[in-house]
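# Per-entry structural report
Listed below are the residues making up each chain.
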Amino acid sequence: MPYAEGEVMAGYTIVRELGSGGMGAVYLARHPRLPRLVALKVLNVALVQDNSFRLRFEREADLAAKLFHRNIVTVLDRGSFEDQLWIAMQYVDGIDVSQLLSRSAGGGLPLEQVVHIVCETAAALEFAHQHHLMHRDVKPANIMLAANMNPADPDLVLLADFGLAQVEGGGHSLTGTGNLVATLAYASPEQIEAKPFDHRVDIYALGCVLYELLTGEKPFPAENLYQVMQMHLKAEPPRPSARRTDLPAAIDGVVLTAMAKNPDQRYASARDLGSALRAAAATPAPLPPAVEQVPVRSDAGPTVVDMPAPLRT
C-alpha cells in the first residue's frame, strides 16, 4: 500500500514519494535515529509472496550492502515490515537520467555528456561484477545525477537499485510468480528466454541505454510487449548514426557489440565497453556531404566577355 507524508514505515518517517514502478515504490524518508534523509524502497507485495524471492532478496541485499564505490548508491539497511520488504539507500539529491532525457526536447544528449554518463555507469558495473554481483535492471531511471561540489566539474553519476542485484550464477531471470526481473526495454535475450545468464546482461542493458541517450528513443520501440520481446530476440540492434548524422561512425560499432544477441559476442566486461566508447567518441565525426556546384545559366544567352584588342606592331 502507498505511504503518505508523516507515516512511519519500519521506523522511517515518510517525507514524500519519489517514484514508483513494477518493483515497488521509493520514498524520501527520515532516518529514525540519525539526522539523515534516505531513499526507502518498499517492494511490491506480489514479489514478497514468493518465498524464494524473499530468501534471495535478503541474501543478495546483504551482499549489495558491501559495495562501496563512488558511482554506486549505497545500500544502508534492509528488512521486513508488515510483511513488506524494504531497502534503505543513500539519498541522491538530483535527478535521474530518464528525467534528463525528458528535458532534451525529444532528441539525444550531447555526445560528451553521453560518454561521461555511460562510462561512469560502466565503472559502477565493473566494480559490482568484480564482486560477482549483477545489477539486472540497468536503465536511465536507475542512473542518478547530482551536482558536483565544483560547478566546473561534470555531474556525479551514481547507479541506483543495487539492492535488487543478483549473485552471478545464481539462477534465471524469472521469479516463482513469473515476473521478469528487468525492465523489458533493456532486457537481454537470455533474460527474456529465462536462460542462465551472467554479468553480460548488464552490458546489453547499458548498450540499450547508450542508444537511448544518443537518440532520445529506446532501441526497440513497439506497440506491445510481445513485439518488444521479439525485437530483442531477433531484430538487429539499431545504429544511432541513422538518427544522428553528427556522430562518429565508430559509435555504431559500440552499440552493436554491446547489444549482440549472443553474449559471447558482446564486450567481455563493462570496462571494455567504456574504453571502446571513449575511443569511438574521439574519432572524427563525418564531414557534411559536399554541395555539388551547378553552373549558373542565363536565359539571355551566353555571356560575352570583352577581350583586349591584340597589339599591333
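Shown above is the structure to which this text applies.
Now for a description of the structure that goes with this document. (Residues numbered from 1 in each chain as written. Predicted model: local features only at pLDDT ≥ 70, side-chain atom pairs only at ≥ 80, totals over all residues. Heavy atoms only, no water.)

Most of strand 6 (residues 84–90) is tucked away, with 6 of its 7 residues classed as buried. As defined by bridge partners, strand 4 (residues 37–43) adjoins strand 6 across 5 bridges and the pair is classed as antiparallel. Each bridged residue has a counterpart across the sheet, and for V38 the counterpart in strand 6 is Q90. In terms of strand pairing, strand 5 (residues 75–81) meets strand 6 through 6 bridges, oriented antiparallel. The residue bridging S80 from the neighbouring strand is L85, located in strand 6. Linking strand 5 back to strand 6 in an antiparallel pair, the connection comprises 2 residues, with E82 at a positive phi of about 50 degrees. (Buried < 20%, exposed > 50% of the residue type's maximum accessible area, 1.4 Å probe, protein only. Helix = DSSP H or I, 4+ residues; strand = E, 2+ residues; numbered from the N terminus. Pairing = 2+ DSSP bridges.)

Next up on the list: helix 4 (residues 111–130). Between its first and last C-alpha, helix 4 extends 28 Å over 20 residues, near the 28 Å set by a 1.5 Å rise per residue. One or two steps after helix 4, the chain reaches H132, where phi turns positive at roughly 65 degrees. (Expected span 1.5 Å × (residues − 1).)

Pairing is antiparallel in the open sheet, where 6 strands are placed in the order 1-2-3-4-6-5. Unpaired on one side and paired on the other, strand 1 (8–9) and strand 5 mark the two borders of the sheet. Pairing between strand 1 and strand 2 (residues 12–21): 2 bridges, direction antiparallel. Across the sheet, residue V8 finds its bridge partner in strand 2, namely T13. Seen against the sheet, helix 2 (residues 51–64) touches strand 4, strand 5 and strand 6 and runs at an angle of roughly 160 degrees to strand 5. (Contact = heavy atoms within 4.5 Å. Axes fitted to C-alpha atoms, helices over the stretch in contact; angles between N-to-C directions.)

The next subject is the sheet that holds strand 9 (residues 143–146). Spatially, 7-9-10 is the arrangement adopted by the 3 strands of the open sheet, whose pairing is antiparallel. Two strands lie at the open edges of the sheet, namely strand 7 (95–96) and strand 10 (156–159), each paired on one side alone. By the bridge criterion, 2 bridges tie strand 7 to strand 9 in an arrangement that is antiparallel. Counted as the bridge partner of D96 is M144 from strand 9. Its contacts with the sheet place helix 4 against strand 9 and strand 10, and it is angled at close to 45 degrees to strand 10.

Note on strand geometry: in a regular strand, side chains alternate between the two faces of the sheet. Across the 7 residues of strand 4, 6 count as buried, placing the element largely inside the fold. Here strand 3 (residues 24–30) runs beside strand 4; their pairing, made up of 7 bridges, is antiparallel. If you follow R30 over to strand 4, its bridge partner there is L37. Taken together, strand 3 and the strand that follows it, strand 4, pair antiparallel across an intervening segment of 6 residues.

Moving on, we get to the nonpolar core. Counting residues in hydrophobic clusters, the biggest one holds 68 residues, and the most contacted among them are I117, V118, F162, L206, L210, L213 and L277. With 11 residues, the top contributor of residues to this core is helix 4. Once you skip the residues sitting within four places of it in the chain, I117 turns out to touch V97, L100, L109, I143, L145, V157 and L213. Of all hydrophobic cores here, the second largest spans 12 residues; its members include Y3, I14, A29 and L40. (Core = buried A, V, L, I, M, F, W, Y, C linked by side-chain atoms within 4.5 Å.)

This brings us to unusual backbone geometry. Despite not being glycine, E82 has its phi angle at roughly 50 degrees, a positive value. Mapped onto the elements, E82 comes out in the loop between strand 5 and strand 6. Taking the relative accessible area as the measure of exposure, E82 reaches 58% and is therefore exposed.

For A258, the location among the structural elements is in helix 8 (residues 250–258). Distance from A258 to S269, taken between C-alpha atoms, is 9.8 Å for residues 11 residues apart in sequence. Beyond its immediate sequence surroundings of up to four residues, A258 is in contact with I203, Y204, G207, R266, Y267 and L273.

To continue, consider the side chain of N71. Tracing the chain through its elements places N71 in the loop between helix 2 and strand 5. Judged by its relative accessible area of 2%, N71 is buried.

A word on the pattern of salt bridges. Scanning the entire structure with this criterion turns up 12 salt bridges. Here R200 ties to D198 by a salt bridge, and the two come within 2.8 Å at their closest N and O atoms. R239 serves as the salt-bridge partner of E236, at 3.6 Å between the closest nitrogen and oxygen. A relative accessible area of 55% places E236 in the exposed class. In the salt-bridge network here, residues are joined through shared partners; they are D198, R200 and D264. (Salt bridge = Lys/Arg side-chain N within 4 Å of Asp/Glu carboxyl O.)

Taking 1.5 Å per residue, 12 residues should reach 16 Å; helix 9 (residues 270–281) reaches 17 Å between its end C-alpha atoms and fits that length. Looking at helix 9, one finds that the buried residues are A270, L273, G274, L277 and A280. For helix 9, the arc enclosing every buried residue in end-on projection is 130 degrees, short of the 170-degree limit, so these residues lie on one face. Each element contacted by the buried residues of helix 9 is listed here: helix 4, helix 6 (200–215) and helix 8. (Arc of directions from axis to C-beta.)

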